[in-house]
Amino acid sequence: MSRSSSPASTPDRASNASSTLARDPDHLGRFGKFGGRFVPETLMDALQGLTEAYAEARRDPAFHAELDDYLKNYVGRPSPIYYARRLTELAEGASIYLKREDLNHTGAHKINNALGQALLAIRMGKRRIIAETGAGQHGVATATACALFGLECVIYMGEEDIRRQKLNVFNMRTMGATVVPVATGSKTLRDATNEAMRDWMGSSKSTHYIIGSVVGPHPFPLIVRDFQAVIGREAREQMLERTGRLPDAVVACVGGGSNSAGMFYAFIDDRDVELIGAEAGGEGDVPGRHASSLTRGVPGVLHGSFSYVLQDDDGQTLDVHSISAGLDYPGVGPEHSYWKDEGRVRYESVTDAQALAAYDTTARREGILPALESSHAIGQGLIEAAKLARDKNLVICLSGRGDKDAYEVARLRGETI
Amino acid sequence: MNRIDALFQRLRSEGARALMPFLTAGDPDLATTASLIDEITTRGAHLVEIGVPYSDPIADGPVIAESYTRALKRGIKLEAIFDTVRSLRAERIGSALTAAPLVTMVSYAIALRRGVESYLDLAAASGIDGLIVPDLPFEEAEGLLKQASKRDLKLIQLVTPTTPRDRAVRIAATSTGFVYYVSVAGLTGERAALPAELAENVSWLRTQTHLPICIGFGIAGADQIRALAPVADGLIVGSAVVRRIAAAGSKGKAELVREIGDFVAELAAALEQSRLSLNE
């Protein structure tokens, strides 16, 4: 068994033995049949270099010590796990716990990955950073990391998302990032990703692309999952400490799937823990009006990876819709596709209306404004909790806070702020 | 013999280079694409690369990406592209097109969705001679290569300025038809100047393979054709053609086809000029 890529600070379970689903991708970057590298030859050398640099960093205790220090003293980790009494009372089922990634510096889980990859970029001698962003949370996290380390930062963002997420755009610019509006296609996350990849096609010698989710060509899905796995590791320990046992169910939202991959990974081999991913159901089961790649898509290629994707019968990527800019994406990380086909994670589609209702409910019953992305997880979590007995425990990943969504929610209600 | 092999065998014996324009299928419409293929093979194009529009082409600059968007907005479908090629081949037997290879530039997303074997069957039945799959690196290409070879279709692979030399050798060894040498680390699109080390890199690759080597990306016009003709077996001109098609869009089909024919003839003349001076 090869342990050459075993991380110093991740659970000692990342072997590729057949009894485990918690695995690293194979030499082609595949989780089962999903993943790989379907990119232009121009990017292959950069991906190979990144794979090698990351394998070295992963083995280097000093790299982990530096990252862990920033996570503790700059981000504020570990994030709390909070028993949501009034949500539990509402669901009349399992006890609901919220993993509070919203309390991280910059207000979402995205900072875990941005800091890790920024440190990796510095290690590779790359001082220019590019990133795509949908809701703007990954853009803000990346701009934050770049300000912290003095790196040049260029963020690609769809024009539609810039409209929906003005606050994040303002904050990115305040921290010195250049935000480049993307006017192609649907002007959302998918198009921003295309533009970031196009930039990297010509700049990879000097530039690191901090992809924001567990998507894209190998090794990105592995890197991002590893940097986000801190969420699940902490939640697992916190629940053991708090309740003396593992939770019965864990729910997280899935766009590209980074907070959910990071949350689920620690529980993958705990077969008694039910894992549920909440995808963006948008306005329902009409092509173009949702973003449910796993529940309604087909295996195909998008953005360098073979995974479930929403595409037409010619392989053209379909337009998608979600109330939440961060879930408004037609693809999903390959490891999720693997977990789906292995039957390890159940994926459900949560509509805009359900997410909005969960946003309101959480605000009014807990005094917490969740991000619209996380509101999908809460919406599904309330359904799951209601199905479970009162002596069961359920964890929901509250991946980000909802301040950024205030303008969009107000607009939907016909209010101006 | 596959038309691509036959073409380069003939050109090499004549000391000549191939002119290989790129057209986006369905831009502005498939009837015009058919007329353009016919016209440019009469006016000096040896091989035509047919771009299959894709919604997310990450290797393409704005000119080709926008042409794909225009074609897709009109609802172009894969089968209609192949129908057009098949009809054109059948109608133009005896013309310059008969011997001219046609190659599709197609995203793996599209070939895979159709089913690789089904895609190749369709291509072969339509009179297509080879394919370039710009998002399929050679590690992932083994299955496609095997299936393409069964149908006598060439799988043309790409070498770029970022490709390490040992890797370039392995890519050239698995490529068929010719090797596509990408001139710049970046996107498709015309460049005022191409990298100084381009000629040297292509000359080095030539010592590693017997396959023809064709240069693409960035070639804007006759001057670069003249500059690169001494080192390449063929020159691919994409954005410069597609940009002119977009600009001529409002002039009506006959005028558009004539203008593009004139541009290709100008490139062909530059190529012929270099051949004469090289063979002096």
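Residues numbered from 1 in each chain as written. Chains lettered and ligands numbered in written order. Predicted model: local features only at pLDDT ≥ 70, side-chain atom pairs only at ≥ 80, totals over all residues. Heavy atoms only, no water.

Chemist: Please clarify how the sheet that holds strand 7 (residues 178-182) of chain A should be interpreted in this entry.
Modeler: The strands that make up a sheet pair up through hydrogen bonds in the backbone, lying either parallel or antiparallel. Residue and element names in this part refer to chain A. A sheet is described by the order of its strands in space; here 4 strands give the open sequence 7-6-5-8, paired in parallel fashion. The sheet is open, and its two edges are formed by strand 7 and strand 8 (207-209), each paired on a single side. Taken over all neighbouring pairs, the strand axes of this sheet differ in orientation by 25 degrees on average, direction set aside. As defined by bridge partners, strand 5 (residues 128-133) adjoins strand 6 (residues 152-158) across 6 bridges and the pair is classed as parallel. In the sheet register, I129 faces strand 6, and the bridge partner there is C153. Across the sheet, helix 8 (residues 189-203) lies against strand 5, strand 6, strand 7 and strand 8, angled at about 160 degrees from strand 5, the strand it touches most. (Pairing = 2+ DSSP bridges. Helix = DSSP H or I, 4+ residues; strand = E, 2+ residues; numbered from the N terminus. Axes fitted to C-alpha atoms, helices over the stretch in contact; angles between N-to-C directions. Contact = heavy atoms within 4.5 Å.)

Chemist: Looking at this structure, I do not really get the interface of chain A and chain B. What am I missing?
Modeler: One widely used convention gives an interface's size as the accessible area the parts lose upon coming together. Residue-level contacts link 29 residues of chain A with 34 residues of chain B. Together chain A and chain B conceal approximately 2800 Å² of surface at their shared face, both sides included; 52% is due to carbon and sulfur atoms. Three residues, E41(A), R198(A) and D314(A), lead the burial of chain A against chain B; their summed loss comes to 25% of the area buried on that side. Viewed at the interface, chain B and chain A are joined by 6 salt bridges. For K77(B), the salt bridge goes to D312(A), with nearest N and O atoms at 4.0 Å. Run the count over chain A and chain B and you get 18 residue pairs in polar contact (both at pLDDT 80 or more). Secondary structure elements with two or more residues in the side of chain A that touches chain B: helix 1 (41-59), helix 8 and strand 11 (298-302) of chain A. Broken down by element, the residue count for the side of chain A that touches chain B peaks at 6 residues, all from helix 8 of chain A. (Buried area = accessible area lost by both parts, 1.4 Å probe. Salt bridge = Lys/Arg side-chain N within 4 Å of Asp/Glu carboxyl O. Polar contact = N/O pair within 3.5 Å; in protein donor to acceptor, adjacent residues only side chain to side chain.)

Chemist: Help me out: how do you make sense of the sheet that holds strand 8 (residues 234-237) of chain B in this one?
Modeler: Residue and element names in this part refer to chain B. Strands sit in the order 1-2-3-4-5-6-7-8 around a closed barrel of 8 strands; the barrel is parallel. Averaged over all pairs of adjacent strands, the angle between their axes in this sheet comes to 25 degrees, without regard to strand direction. Summarising the sheet, strand 7 (residues 213-216) and strand 8 pair through 2 bridges and their orientation is parallel. Pairing of C214 across the sheet is with G234, part of strand 8.

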